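# Per-entry structural report
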Amino acid sequence: MWWDERVSARFRRNLQPTLTYWSVFFSFGLCIAFLGPTLLDLRCQTQSSLSQITWVFFSQQFCLLLGSCLGGVFKRTLSQSLFALFASSLAISLVFAIIPLCHNVVVLAVVMAVAGLAMGCIDTISNMQLVKIYQKDSAIFLQALHFFVGFGALLSPLIADPFLSDTNCILSNSTANASSNLPHIRKSLVPHHPGNLSHYDLPMKGMVVTRVSYAFWIMALINLPVPIAVFFLLYKERMVPCFNSSSRPLLSADELAMETRPTEKDDLSAAVQRPHAAGGHDDLFSCCQSKNFRGASYTYFAVHITGALVLFMTDGIVGEYSGFIYSYAVEEPLSVVHKVAGYLPSLFWGFITLGRLISIPVSYRMKPATMVFINVVGVLITFLLLLIFSYSVVFLFVGTASLGLFLSSTFPSMLAYTEDILQYKGCATTVLVTGAGIGEMVLQLLVGSIIHDQGSYSFLVCGMIFGGLAFTFYAFLLFFHRMYPKPSSDMDDASPNKPAVMDDTGQYQR
């Protein structure tokens, strides 16, 4: 095996929870990517306008951000975390089953808001639990986790495609004229920017003819094994209520390691545990309480902030590039035909998924800090070349694939790197997940407005600026890492972060 026996042994000890968290992230990916291609059929189902239906995007994304902020609330015990994951994954299956029954756009927006909350909880809790289990070995498992979200995001549009309407799905006198624009409108749908489609006129009244319901029911069935897997993990850990057994609070990494050390070091263990009894991984609101700031150095805050800003930029690039690359390609100077331009978002997401798969073995051999450096430099260089060769359709496809590869592993690598700096005692997971979610929503709105005012060329200029800012913030993070206080030698001897100790104690934390 391409990893050593120590990591392999830890993986075997934690096989069921690890596979469960990976499967839950598959639910996340399945739910995040279906809305774009099915939105026109959902418009017919709800008999709403294009501007009205595209606000469903915002409903989902805003509540995803809210769920990410609140996800840390369920961190105090393993039972709380698993019950939250069970409820969230089950809610996603129920959302898929209920969507075909939503014939009002407001009801659909509420249902998608529930899905967004569930996705946000999954995002925070799954990342947090894997970091708690594997700590310094978490990078490789985080890369695999984010591969599964990419796999789900690729699968759901493929499931939906056979059931999408080839012509307008509301039959009326204007159907023939409207249907000729349908493929272009479908590929032009941009999340969180509903105003960009207001000039298209599609019928809102008439007989609804759509088969998209079958796609949602299929996705509901595909997702159903995920909450079942979480339930089995609850059952294995004796946390199902009928067993009437209460779960203990999650042990911090320090407590877990110290409990298994020889008895003659108990006094030292107690001394080490006390300062960290209120260790991190809180929800965003708990992280902001003043009691958590006492005695913390400025570099503690700087690491959190700069790490979140890097992901604000890189996840924002993912959102704005996938949302606007089609619109950029079909306009001058490239003027790519609609059918060919439609492959660009799929190419982008395909290489993101491929990059995450490649990053699984690479992350074992390469430090997270090095991977993030390669990612941000690669993004910056790719945008520079896209600007230089802005008249080349071939390089647009090459650059799209390259950008997907460089962006693919940024989030898990940054999460592993930042948690490592903070010695797994900060609020990095919650802060980084929240920062990434805000960036994806805000930068897409910003770029949509700029393109509307300045033209399509500003799309690449914005990407270049965001890439430059990501590199700048990463340089600041490296600086603050060097300034961050190192643990004393005495603490190092008793630290659970040392590989030798973690080799003996890496277990599933109850």
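Numbering of residues starts from 1 in each chain and follows the order in which that chain's sequence is written. In keeping with the model being predicted, local features are shown solely for residues with a pLDDT of at least 70 and side-chain atom pairs are shown and tallied solely at 80 or more, while totals for entire chains, interfaces and linings include all residues. Water and hydrogen atoms play no part in the side-chain values, which are based on all heavy atoms of the structure.

Cut-off, in case you're wondering: UniProt positions are given in the numbering used here, feature names are shortened, and annotations may be inferred rather than shown by experiment.
Under the annotation held in an unreviewed UniProt entry, the chain carries the name Major facilitator superfamily domain-containing protein 4A and is attributed to Eudyptula minor. According to its UniProt record, the chain has this under Sequence similarities (unreviewed entry): "Belongs to the major facilitator superfamily."

### Details of the pattern of salt bridges
Note the cut-off: Think of a salt bridge as a Lys or Arg side-chain nitrogen and an Asp or Glu carboxyl oxygen that are within 4 Å of each other. Numbering of helices and strands runs from the N terminus; a helix is a DSSP stretch of H or I covering at least four residues, while a strand is a stretch of E covering at least two.
What the rule picks out here adds up to two salt bridges. The shortest N-O distance in the salt bridge between D420 and K136 comes to 2.5 Å. Here D420 is found in helix α21 (residues 410-421), whereas its partner K136 is found in the loop between α7 (105-134) and α8 (138-160), with 284 residues between them in sequence.

### Some points on helix α3 (residues 35-46)
Selection rule: Every helix has an expected span of 1.5 Å times one less than the residues it contains. Here's how the labels work: a residue is buried when its accessible area is under 20% of the maximum for its type, exposed when over 50%, partly exposed in between, all with a 1.4 Å probe on protein chains only.
Taking 1.5 Å per residue, 12 residues should reach 16 Å; α3 reaches only 14 Å between its end C-alpha atoms and comes up short. Counting buried residues in α3 gives 10 out of 12 residues, a clear majority hidden from the surface. Of all the residues in α3, the buried ones are L35, T38, L39, L40, D41, L42, R43, C44, Q45 and T46. Once α3 finishes, Q47 follows within two positions and takes phi at roughly 50°, a positive value.

### A closer look at unusual backbone geometry
Notably, Q47 is not glycine yet its phi reads approximately 50°, a positive angle. Tracing the backbone shows Q47 in the loop between α3 and α4 (50-53). Given a relative accessible area of 26%, Q47 falls into the partly exposed group. Positive phi outside glycine occurs at S335, with the angle close to 50°. By the secondary structure assignment, S335 is in the loop between α16 (298-330) and α17 (338-341).

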